[in-house]
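Observations on chain architecture
Each chain, letter by letter, is given below.
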Amino acid sequence: MPAFRPGPVRPVRGMPSKTLLYRVGYVVTAPLFPLLRRIAPNLVTTTEALGRAMIAVATPAAGVRPRILRPQDINRLGQSPPDQG
C-alpha cells in the first residue's frame, strides 16, 4: 500500500473541520491557494482529488506502483473520471 504525501491540501466541499484553529487557518490561507496552484501546480491538491486517489489506490485494477504518492501523483489519480453518458 503506497504512502500519501499530499503537501498543501485545499479543502473543497464537505464537512468543515471541528478544530477552530484549522477553520481559521483555511479562511486565512484560502486566497493563497489559487496563486500557489499557478506558481507550483504539482505541489497543491484538493480534498476531493485526495479522496479519489485513495479510492483509485484501493481498486485492484489501478495498478499503482509508486511507494510514495506525492501531490502530482495524487492529482493524476484523483482526476474526475470521464463522463459515461
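The following refers to the structure shown. Just so it is clear, the model here is predicted, and its values are computed rather than measured.

Parameters and conventions
Residues numbered from 1 in each chain as written. Predicted model: local features only at pLDDT ≥ 70, side-chain atom pairs only at ≥ 80, totals over all residues. Heavy atoms only, no water. Helix = DSSP H or I, 4+ residues; strand = E, 2+ residues; numbered from the N terminus. Contact = heavy atoms within 4.5 Å. Areas by Shrake-Rupley, 256 points an atom, 1.4 Å probe, with all protein chains shown as cover. Core = buried A, V, L, I, M, F, W, Y, C linked by side-chain atoms within 4.5 Å. Buried < 20%, exposed > 50% of the residue type's maximum accessible area, 1.4 Å probe, protein only. Polar contact = N/O pair within 3.5 Å; in protein donor to acceptor, adjacent residues only side chain to side chain. Expected span 1.5 Å × (residues − 1). Arc of directions from axis to C-beta.

Quick notes on the overall build of the chain
Assigned secondary structure in the chain consists of 4 helices and 4 strands. Shown N-terminal to C-terminal, the secondary structure of the chain runs as helices and strands in the order β-β-α-α-β-α-β-α. Residue pairs at least 24 apart in sequence account for 78% of intrachain contacts in the chain once pairs closer than 6 positions are excluded. Here the chain has roughly 6500 Å² of accessible surface; of this, 61% comes from carbon and sulfur atoms.

Quick word on the side chain of Thr 46
Locating Thr 46 in the fold gives a position in strand β3 (residues 45-46). When neighbours within four sequence positions are excluded, Thr 46 is seen to be in contact with Val 9, Arg 10, Val 12 and Arg 37.

With respect to the nonpolar core
In terms of nonpolar packing, the biggest core is built from 7 residues, these being Leu 50, Ala 53, Ala 56, Val 57, Leu 69, Ile 74 and Leu 77. Mapped onto this core, the elements with two or more residues apiece are α3 (47-58) and α4 (71-77). Sort the elements by how many residues they give to this core and α3 lands first, with 4 residues.

Considerations on the side chain of Ser 17
Position of Ser 17 among the secondary structure elements: in the loop between β2 (9-10) and α1 (20-29). For Ser 17, the side chain forms a polar contact with the main-chain nitrogen of Thr 19, separated by 3.1 Å.

Looking at the environment of Asn 75
Inspection of the secondary structure assignment puts Asn 75 in helix α4. Residue classification places Asn 75 among the buried residues on the basis of a relative accessible area of 15%. Put simply, Asn 75 and Ala 53 are 22 residues apart on the chain and 7.4 Å apart in space, counted from C-alpha to C-alpha. Sequence-distant contacts of Asn 75, that is, excluding residues within four places in its chain, are made with Arg 37, Pro 41, Val 44, Thr 45 and Ala 49.

Here we look at α3
In this model, α3 (12 residues) spans 17 Å end to end at C-alpha, consistent with the 16 Å of a helix rising 1.5 Å per residue. All of the buried residues in α3 are Ala 49, Leu 50, Ala 53, Ala 56 and Val 57. Taken around the axis of α3, the buried residues stretch over an arc of 125°, which confines them to a single face. Exposed and oriented more than 90 degrees from the buried face of α3 are Ile 55 and Ala 58. The inward-facing, buried residues of α3 abut β1 (3-4), β3, β4 (68-69) and α4.

Just distances and angles here, no functional claims.
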